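Topology and contacts: notes
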There are 2 protein chains.
Amino acid sequence: MRILLKVLYDGTNYFGWQRQNNFITVQQKLEEALSELFKKSIVIRGASRTDTGVHALGQRAVFEVDTTIPVNKIPYAVNTMLPEDIRVTGADLVNEDFHPQNSVYKKTYEYKILNSEFPNPMLRNYTAFIHKKLNIEKMREACKYFLGEHDFKSFCASGSTAKTTIRTIFDLTVSEKRSDDTISITVTGSGFLYNMVRIIAGTMVYVGESKIKPDDIKDIILSRNRERAGKTLPPNGLTLLEICYKN
Amino acid sequence: MRILLKVLYDGTNYFGWQRQNNFITVQQKLEEALSELFKKSIVIRGASRTDTGVHALGQRAVFEVDTTIPVNKIPYAVNTMLPEDIRVTGADLVNEDFHPQNSVYKKTYEYKILNSEFPNPMLRNYTAFIHKKLNIEKMREACKYFLGEHDFKSFCASGSTAKTTIRTIFDLTVSEKRSDDTISITVTGSGFLYNMVRIIAGTMVYVGESKIKPDDIKDIILSRNRERAGKTLPPNGLTLLEICYKN
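What you see is a predicted model; the values in this text were computed from it and never measured.

Some points on the pairing of strand S8 (residues 166-177) of chain A
All names here are of chain A. The pairing of strand S7 (residues 148-151) with S8 spans four bridges and is antiparallel. What sits directly across from His 150, in S8, is Arg 167. As defined by bridge partners, S8 adjoins strand S9 (residues 182-189) across eight bridges and the pair is classed as antiparallel. Counted as the bridge partner of Glu 176 is Ile 183 from S9.

This is the structure in structure tokens:
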């Protein structure tokens, strides 16, 4: 049977999701735990290849197994074999034709910024630190220019192997939490190009710093030129929040 | 001159605040950084001896130095010499009779609980995980019984060397953040006995689990018996938020 897992991790201590030689990744740790649990070699396919230092509260991954363990007990069983910075919080039976990447309807990421005079040690692994005071209203104004279907080539790192750079953004919001000086940029889309969320966040920071105007986003998208967009912000501010599948 | 620092740290990787032989502590790291900055041996006195794993967003510490570095530049200078899980965010000149412990008017601590079905890897170092659903309303009702001046012997770990177990609690609140299933217990008092906040939090959890009733707190305080109060919750949920001094 084919099982779809929901996986949460603190990416600080991993070289990203995808299995690699000589570097410890989340996929490797999860495959080791599942292989131990089911006493056979298990290979998983993840929905998103998160980079080194990127976190997930809603990663998804699929594997095949024949087992008598009830599916809803798998999270509890596998968690006893995982390091505490990785947790499985859901397991569902899916059809044999279910594909963790191709069946995706939308994904949501959050990029978190600490916008304060000094860094906060407790948030160092989960936020990008930006000292200069950002203008939230301008950042909010910029959101609308990203919405809809666009060619996001300007927001794609070189080295991407994507066939097309056209993607749809369904939702983009900027929220502020004054109690700890954090700003969250939350974006939902049909899918994202390599480093796309981190480049969108970096471009939003340019808007917040008044280096560019909110409606400059239109031209930046049309230019299809990576040089026109903002910097790629560091990975530690990024968290994969949710993946929704087509029914 | 005598300088009062504001110090923030993620306590995860330290054996608490207080300098110890053979164990790395926050005080040691801060003294090393200050000694490097001022090119002489600096000894600091902290306001609170936080335990292993406990965090601080408002620790205070005092030291003596003669320097031409402007006092308001000290945080920036010392931060370049500190590991990134410790940050100095304030420096003020104080009088020669200022004492970091004796001059305290009140302290505020936050105890954070993750109350959800599964642990969250991103919150593992900053919350205590409690699986059973807690009744927030009952916990809120319990707060009032702690307020005021009481003998808190029931909430003091054995091994305390405090001369008196009488303390005053000015404020105690319970707040819930549904977006990440966390509950914060925030307490402000004249001072706290050894493990007092962690035992108060553990007792509040008993109330939330309906093991005891909110008004049982009255009897628990009157009993002056540590056995009557709740468990000492783990250190990682605890953060020293603020220390206020008498003018």
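Notes on the relation of the copies chain A and chain B
Note on the copies: chain A fits chain B at an RMSD of 0.0 Å, the axial shift is 0.0 Å, and the rotation between them is 180°. Considering both components of the superposition, the chain copies are consistent with a two-fold axis. Most of the interface of chain A is mirrored in chain B: 100% of its interface residues are interface residues there too.

Here we look at the domain arrangement of chain A
All names here are of chain A. Here chain A is partitioned into domain 1 (2-94) and domain 2 (104-245). Distance from the C-alpha centre of domain 1 to the C-alpha centre of domain 2: 27 Å. Between domain 1 and domain 2, the contact holds 16 residues from the first and 16 residues from the second. For the pair domain 1 and domain 2, the summed buried area comes to about 1,200 Å², and 54% of that belongs to carbon and sulfur atoms. Of the charged contacts, one joins Arg 198 and Asp 51 as a salt bridge, the two residues approaching to 3.5 Å between their closest N and O atoms. For the interface between domain 1 and domain 2, the tally reads nine residue pairs in polar contact (both at pLDDT 80 or more). With six residues, strand S3 (residues 55-64) is the largest single contributor of residues to the side of domain 1 that touches domain 2. Of the residues belonging to the side of domain 1 that touches domain 2, the class tally is five nonpolar, eight polar and three charged.

Some remarks on the interface of chain A and chain B
With 26 residues of chain A in contact, the opposing surface of chain B contributes 26 residues. Summing both sides of the interface, chain A and chain B together bury roughly 2,100 Å²; the carbon and sulfur share of this comes to 65%. The largest per-residue losses of area from chain A upon contact with chain B belong to Phe118(A), Met122(A) and Arg124(A), which jointly make up 33% of the total buried on that side. Counting across the interface, chain A meets chain B through three salt bridges. At the junction of chain A and chain B, the tally comes to four residue pairs in polar contact (both at pLDDT 80 or more).

The rules we used
Residues numbered from 1 in each chain as written. Chains lettered and ligands numbered in written order. Predicted model: local features only at pLDDT ≥ 70, side-chain atom pairs only at ≥ 80, totals over all residues. Heavy atoms only, no water. Pairing = 2+ DSSP bridges. Helix = DSSP H or I, 4+ residues; strand = E, 2+ residues; numbered from the N terminus. Least-squares fit on C-alpha atoms with pLDDT ≥ 70 in both. Contact = heavy atoms within 4.5 Å. Domains from an automatic or database assignment. Buried area = accessible area lost by both parts, 1.4 Å probe. Salt bridge = Lys/Arg side-chain N within 4 Å of Asp/Glu carboxyl O. Polar contact = N/O pair within 3.5 Å; in protein donor to acceptor, adjacent residues only side chain to side chain. Nonpolar A, V, L, I, M, F, W, Y, C, P; charged D, E, K, R; others polar.

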